[in-house]
Amino acid sequence: MDKRSQLYTELQDASKAQIAANIILHKQRTTRVRSALDRRKALKAKRAATPLPAVPLDILAIGDSWFEYPLSGNSVSFENTAIVAQAQLGSMGTPPPQILNQALHGQATTAILSYENQQNMISVLQDPGQWLNEQTGLPDAILISGGGDDLVGDQLAIYLDYEGSGLDATRFQGVLNSVQASYLDLFAFRDRFAKGVPIIGHCYDYAIPNGVHPVCVSSSWLQPSLNFAGYDYTVGLRIVSGMIDLFYQMLSSLAADTTYNFSVFDTRGTLQRDASQPDGWANEIHPYFGGFTALANKFLMALRAKFPNCI
């Protein structure tokens, strides 16, 4: 195993260990918040003017590297710097949300919704000690970051015309249908094991096919396929924009069906399409820490609109 592959394996192992630890840490936080609230309620029974503390919004997060990114830019950190990290959305709001993060970088939606991951989700959803909402015994919302890894990588070449019109509409629709199937499965899963809990997704942003990638992977996710199919950087930018817009349209069509209890945050245009800016792209498909902060702020605003007075 070369050093790059070894590093990637070490990052995966550390992230998987953190996913397991997150379950324990989240339950401990829930216990502390409940105990503090119970003490304040007892005091209020004696002194009516005693204010009760605000209860944090309680969220289950699943998905890919936009929720779990153990790098800072392109350098190894072994600390999550992505949207729902404790240093990002987990520290924003009044009070900040409590997030049980079960995301893992590199997961396509078929992996996110694998039976193993669904079994793990069932375990945490059926443990009422995990969740602050004592009425439902469930999270207040499920956030998902999913679909990006289905579209990019070596398989991107499948969806491109060769030196032609960019995306092949029929073939690209095929992968969108596959991603949609995963989301539909998630909705069915939620209806069975977390009925009534809203699911919230996002649509990524206009990535840049410049060939840059982190130290722990051997190649980038966009430029190799685009070059292979005969497209330069300028045309590649337009192709990637079209991919993201079509992905957003697919998610929006799901959100339009109220029976799915699903909404999508439009994250397009949040990041500067520039690798030199702190709120731009560190590599082809991941922003710098400041870019993740900008995305987390957009999530905060959208969550405040959806859950008034809770965050």
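Located above this text is the structure these notes cover.
Conventions and cut-offs
- Residues numbered from 1 in each chain as written.
- Predicted model: local features only at pLDDT ≥ 70, side-chain atom pairs only at ≥ 80, totals over all residues.
- Heavy atoms only, no water.
- Helix = DSSP H or I, 4+ residues; strand = E, 2+ residues; numbered from the N terminus.
- Contact = heavy atoms within 4.5 Å.
- Lys, Arg positive; Asp, Glu negative; His and termini not counted.
- Charge placed at Lys NZ, Arg CZ, Asp CG, Glu CD.
- 1 Å grid on protein atoms, 1.4 Å probe; cavity = no way out; pocket = protein on both sides within 12 Å on 5 of 7 lines; lining within 4 Å.
- Points joined across faces, edges and corners; volume = space filled by probe spheres on them.
- Nonpolar A, V, L, I, M, F, W, Y, C, P; charged D, E, K, R; others polar.
- Expected span 1.5 Å × (residues − 1).
- Buried < 20%, exposed > 50% of the residue type's maximum accessible area, 1.4 Å probe, protein only.
- Phe/Tyr/Trp six-rings, centres within 6.5 Å; stacked < 30°, edge-to-face > 60°.
- Polar contact = N/O pair within 3.5 Å; in protein donor to acceptor, adjacent residues only side chain to side chain.

Chemist: Describe the overall build of the protein, with residues and values.
Modeler: On a plain count of helices and strands, the protein comes out with 8 helices and 7 strands. Along the longest, intermediate and shortest principal axes, the C-alpha atoms of the protein span 75 × 40 × 35 Å. Here the analysis covers contacts within the protein between residues at least 6 apart in sequence; of these, 75% occur between residues at least 24 apart. Averaging the locations of the 23 positively and 28 negatively charged side chains of the protein gives two centres separated by 15 Å.

Chemist: Residues and numbers for the layout of surface pockets, please.
Modeler: Taken as a whole, the largest pocket holds about 650 Å³ of empty space. As for the largest pocket, its lining consists of 29 residues, of which Gln18, Asn22, Asn80, Ala85 and Gln86 are closest to the centre. When contributions to the lining of the largest pocket are tallied by element, the ones reaching two or more residues are α1 (3-46) and β4 (98-101). The greatest single-element share of the lining of the largest pocket, amounting to 9 residues, is contributed by α1. Residues of the lining of the largest pocket, tallied by class, amount to 17 nonpolar, 9 polar and 3 charged. Roughly 370 Å³ of internal volume is contained in the second largest pocket.

Chemist: An account of helix α8 (residues 289-306) is needed here, citing residue identities and associated values.
Modeler: When the terminal C-alpha atoms of α8 are compared, their 25 Å separation across 18 residues agrees well with the 26 Å that a helix rising 1.5 Å per residue should span. Every buried residue belonging to α8 is among Gly291, Phe292, Leu295, Ala296, Phe299, Leu300 and Leu303, and all of these are buried. Buried residues along α8 sit against β1 (58-63), β5 (141-145), β6 (199-202) and β7 (262-265).

Chemist: Report on the packing of aromatic side chains, specifying residues and quantitative values.
Modeler: Evaluation of the coordinates by the stated rule reveals 13 aromatic pairs. Both rings, one in Tyr159 and one in Phe172, keep their centres 6.0 Å apart while their planes meet at 75°; by these two values the pair is edge-to-face. Here Tyr159, found in the loop between α4 (148-151) and α5 (169-193), pairs with Phe172, found in helix α5; they are 13 residues apart in sequence, far enough to count as distant. The same class applies to Tyr159 as to Phe172, namely buried. Ring centres 5.7 Å apart and planes at 40° place the aromatic pair Tyr204 and Phe247 in the tilted group. Of this pair, Tyr204 sits in the loop between β6 and α6 (223-228) while Phe247 sits in helix α7 (residues 233-255), and the two are 43 residues apart along the sequence.

Chemist: Talk me through α5; I want residue IDs and the actual numbers.
Modeler: Across its 25 residues, α5 extends 36 Å between first and last C-alpha, which sits within 8% of the 36 Å expected from 1.5 Å per residue. Listed as buried for α5 are Phe172, Val175, Leu176, Val179, Ser182, Tyr183, Leu186, Phe187, Phe189 and Arg190. Where α5 begins, the side chain of Asp168 points an oxygen toward the backbone nitrogen of Thr170, at a separation of 3.2 Å.

These figures capture arrangement, not role.
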